[in-house]
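Tertiary structure, described
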Amino acid sequence: MTDIAKRFTENPLLRPADLQSRHLGLTIDCLLNPGVFRFQQKVWLVVRVAERPAQQEGVVSFPVLDQAGQIKIIEIEKANPNLILSDSRLLRFENADYLTTLSHFRLLCSDDGVHFYETEGYPPIEGSGAYETYGIEDCRVTQIGKEYYLTYTAVSQNGVGVGLMMTEDWIHFDRKHLIFPPHNKDCALFNEKIGPKYYALHRPGSPVIGGNYIWVAESPDLIHWGNHQCIAMTRHGKWDSVRIGAGGAPIRTKQGWLEIYHGADEQDRYCLGALLLDLENPGIVLGRTDDPIMEPVMQYEQQGFFGNVVFTNGHIVDGDQVTIYYGASDEFVCAARFSIDEILKRLI
Ligand code: MAN
């Protein structure tokens, strides 16, 4: 067992029943994969809230947004021969793909990093426009100067891409929409320039040739990206054999940029590992953990909306301690602490 996470005894910190659904007729099925940031002396989470109607016998029903941002419910008889229910997250109907839930973001804050609550004046963030009609998911937050940059998964019938929005006050958002077109997700921005350029980790994917690998790209303005390089691939026969993707913003250490990433195997079991990238040239990988540093071992990580998942896209760093906030079994928000030094010692 190579799991070196010190889980909070208070886990799960947040469950679906802790928040109110925003939409009449929808219930919250999952709270998961939060972005994390510090603001006004508090720790904040951008929690992904996944909703759908309460499911009735024999029917699958799910919400989508129209381009004006209005919710529409689609209902399909389970007996319909044109319906393929892939897993609890996805379905296919008459040659189109859908998600079983619609996600938006909710802002919650905390004075101690353990107890999180909603506070007046910070409205939910919903998907908007043609490329977010199936919702927005898995937000990473990177602070550069006074500005916070949110990179998130934008889902629509056109595919899964990466959106960007920015804010200084968490009330007004400048939405730039897609910065990486489908298929792409798991985009984490570095929180400082390296030389004259901004850098991002991202995860394009080809369904035919290649795989779900981690790439690095550079940009003069965080909107136009180039010089793409594939820096880490899946590893046959290991815990990260099928897909890998970046977690939160890379952490600057003396040895290099430390990136906690997720990996999944053939059984869709999601664990966490780490990569170390060169400080001057993050296209160079200096180390990678062989075994996971965290695996789904607790009941709340093994049983839920989609079991056997630990998935992180946000953390707070305090000296040698990194507190990751993570989605457990795609249903609960949890937290765990690591020593950065201990993670670095696991790199080979
Ligand atoms: C995908 C995304 C994540 C989710 C994992 C595990 O990577 O949908 O949001 O947490 O799968 O289901």
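Structure: see above.
**Examining the nonpolar core**
Formed by 24 residues in total, the largest nonpolar core has its most connected members in Leu258, Met294, Val322, Ile324, Tyr326, Phe338 and Ile343. When near neighbours in sequence (up to four residues on either side) are disregarded, Val322 contacts Ile251, Ile260, His315, Ile316, Val317, Ala336, Arg337, Phe338, Ile340 and Ile343.

**Observations concerning the site of the ligand**
With respect to spatial proximity, the complete set of residues near the ligand consists of Asn33, Arg48, Arg89, Asp138, Lys185, Tyr270, Phe306, Val309, Phe311 and Asp330. At 2.7 Å from an oxygen atom of the ligand is found a side-chain nitrogen or oxygen belonging to Arg48. Residue Asp330 places a side-chain N or O atom 2.5 Å away from an oxygen atom belonging to the ligand. Burial of the ligand by the protein amounts to 92% of the accessible area it has alone, namely 310 Å². Grouping the constituent residues of the shell around the ligand by class yields 4 nonpolar, 1 polar and 5 charged.

**A word on unusual backbone geometry**
Note that the residue after Asn11, namely Pro12, is joined by a cis bond; omega there is -15 degrees. Structurally, Pro12 can be placed in the loop between β1 (6-7) and β2 (27-39). In this model, Pro182 is joined to His183 through a cis peptide bond whose omega is -10 degrees. Along the polypeptide, His183 turns up in the loop between β13 (174-180) and β14 (184-189). The backbone of Asp138 shows a phi angle near 50 degrees, a positive value even though the residue is not glycine. Position of Asp138 among the secondary structure elements: in strand β10 (residues 135-144). For Ser329, which is not a glycine, the phi torsion comes out positive at approximately 45 degrees. In this fold, Ser329 is placed in the loop between β24 (321-328) and β25 (332-339). Classification of Ser329 as buried rests on a relative accessible area of 0%.

Rules of the game
Residues numbered from 1 in each chain as written. Predicted model: local features only at pLDDT ≥ 70, side-chain atom pairs only at ≥ 80, totals over all residues. Heavy atoms only, no water. Core = buried A, V, L, I, M, F, W, Y, C linked by side-chain atoms within 4.5 Å. Buried < 20%, exposed > 50% of the residue type's maximum accessible area, 1.4 Å probe, protein only. Contact = heavy atoms within 4.5 Å. Near = heavy atom within 4 Å. Polar contact = N/O pair within 3.5 Å; in protein donor to acceptor, adjacent residues only side chain to side chain. Areas by Shrake-Rupley, 256 points an atom, 1.4 Å probe, with all protein chains shown as cover. Nonpolar A, V, L, I, M, F, W, Y, C, P; charged D, E, K, R; others polar. Helix = DSSP H or I, 4+ residues; strand = E, 2+ residues; numbered from the N terminus.

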